[in-house]
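Spelled out from the first residue to the last, the chains are:
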Amino acid sequence: MYIIYKSKQRMSIAFLSIYFLVFIVSLFFLKNNFNYLWLAILVLDIFVVINFFYLTFKVTSVGLEFGFGIFKRLIKKEYIDSVYIDNSVGNFFGLGIISRVKKFAFIAKRGDGLSIKLKDGVTFFVSSDEAENILNIIKKEKYV
């Protein structure tokens, strides 16, 4: 498997600022009164920030790969029915990984992205700053 195209989108700073605030508060309580609960919250917070800092999207020779940190999804090109540019506003509310019945979203920022519909009816939405460019590459590689 080789990478044809790769893009990264940074998570919204407003969303990540919540986790930075939790980090500071848990560090304060951990310093003043050591407790394993605050240590666990601190470690969990660091894990979340590291994994949700960037949303990556790759077009590879095998298919499409996208996700946050260790939470990735690989879709082989045989299973893709259609890909089109869509907008997260009105379709999904929130940031991160969102799940509904046969719909999944990987959203780092509100706005445009790609909707990937599979042959079995499952739809994935992936936010991207370069949605049009990625769609052109997908069409050029004849995935749809």
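It should be noted that the structure appears before, not after, this text.
The text that follows walks through the structure, step by step, so that each part is easy to find. (Residues numbered from 1 in each chain as written. Predicted model: local features only at pLDDT ≥ 70, side-chain atom pairs only at ≥ 80, totals over all residues. Heavy atoms only, no water.)

### Re the pairing of strand E7 (residues 103-107)
Move 1: Bridge count between strand E6 (residues 96-100) and E7: five bridges; the pairing is antiparallel. Across the sheet, the residue bridging to Ser-99 is Phe-104, located in E7.
Move 2: Where E6 folds back onto E7 in an antiparallel hairpin, the turn is made up of two residues, including Lys-102, whose phi is positive at roughly 55°.
Move 3: Two strands pair when backbone bridges link them, and E7 and strand E9 (residues 123-127) are joined in this way by four bridges, in the parallel orientation. By the bridge assignment, Phe-104 is partnered in E9 with Phe-124. (Pairing = 2+ DSSP bridges. Helix = DSSP H or I, 4+ residues; strand = E, 2+ residues; numbered from the N terminus.)

### Some thoughts on helix H3 (residues 131-140)
Move 1: Among all positions of H3, only Ala-131, Ile-134, Leu-135, Ile-137 and Ile-138 are buried. All buried residues of H3 lie within an arc of 160° about the axis, which places them on one face of the element. The outward face of H3, more than 90 degrees from its buried face, is lined by the exposed residues Glu-132 and Lys-140.
Move 2: Along its buried surface, H3 packs onto strand E1 (3-10), strand E2 (54-60), strand E3 (63-68), strand E5 (80-87) and strand E8 (112-118). (Buried < 20%, exposed > 50% of the residue type's maximum accessible area, 1.4 Å probe, protein only. Arc of directions from axis to C-beta. Contact = heavy atoms within 4.5 Å.)

### As for the environment of Met-11
Move 1: Among the structural elements, Met-11 can be located in the loop between E1 and helix H1 (13-32).
Move 2: On the basis of relative accessible area, Met-11 is assigned to the buried category, the value being 1%.
Move 3: Expressed as a C-alpha distance, the spacing of Met-11 and Arg-110, which sit 99 residues apart in the sequence, is 9.9 Å.
Move 4: In this view, Met-11 contacts Leu-16, Phe-52, Phe-53, Phe-68, Leu-95, Gly-96, Ile-107 and Ala-108; residues no more than four positions away in its chain are not counted.

### So, the nonpolar core
Move 1: In terms of nonpolar packing, the biggest core is built from 28 residues, with Phe-57, Val-59, Ile-116 and Ile-138 touching the most fellow members.
Move 2: Every element with two or more residues in this core is listed here: E2, E3, E5, E8, E9 and H3.
Move 3: The element best represented in this core is H3, accounting for five residues.
Move 4: Every residue in contact with Ile-138, bar those within four places of it in the chain, is listed here: Phe-57, Val-59, Leu-64, Val-83, Leu-114, Tyr-143 and Val-144.
Move 5: The next biggest cluster of nonpolar side chains, apart from the first, holds five residues, and it includes Ile-98, Ala-105, Ile-107 and Phe-125. (Core = buried A, V, L, I, M, F, W, Y, C linked by side-chain atoms within 4.5 Å.)

### Overview of the environment of Lys-72
Move 1: Along the chain, Lys-72 falls in strand E4 (residues 71-76).
Move 2: Its relative accessible area of 43% is what places Lys-72 among the partly exposed residues.
Move 3: Linking Lys-72 and Val-48, residues 24 residues apart in sequence, is a C-alpha distance of 14 Å.
Move 4: Ignoring any residue separated from it by four or fewer positions in sequence, one finds Lys-72 in contact with Thr-56, Glu-65, Phe-66 and Gly-67.

### Remarks on the pattern of salt bridges
Move 1: On inspection of all chains with the given rule, the structure shows one salt bridge.
Move 2: Its salt-bridge partner being Lys-58, residue Glu-65 comes within 4.0 Å of it at the nearest N-O pair. One exposure class covers both Glu-65 and Lys-58, and it is buried. (Salt bridge = Lys/Arg side-chain N within 4 Å of Asp/Glu carboxyl O.)

### Structural notes on the side chain of Lys-58
Move 1: Residue position: Lys-58 is located in strand E2.
Move 2: Residue Lys-58 is classed as buried on the basis of its relative accessible area, which comes to 15%.
Move 3: Leave out the neighbours within four places in its chain, and Lys-58 touches Ile-3, Tyr-5, Lys-6, Gly-63, Leu-64 and Glu-65.

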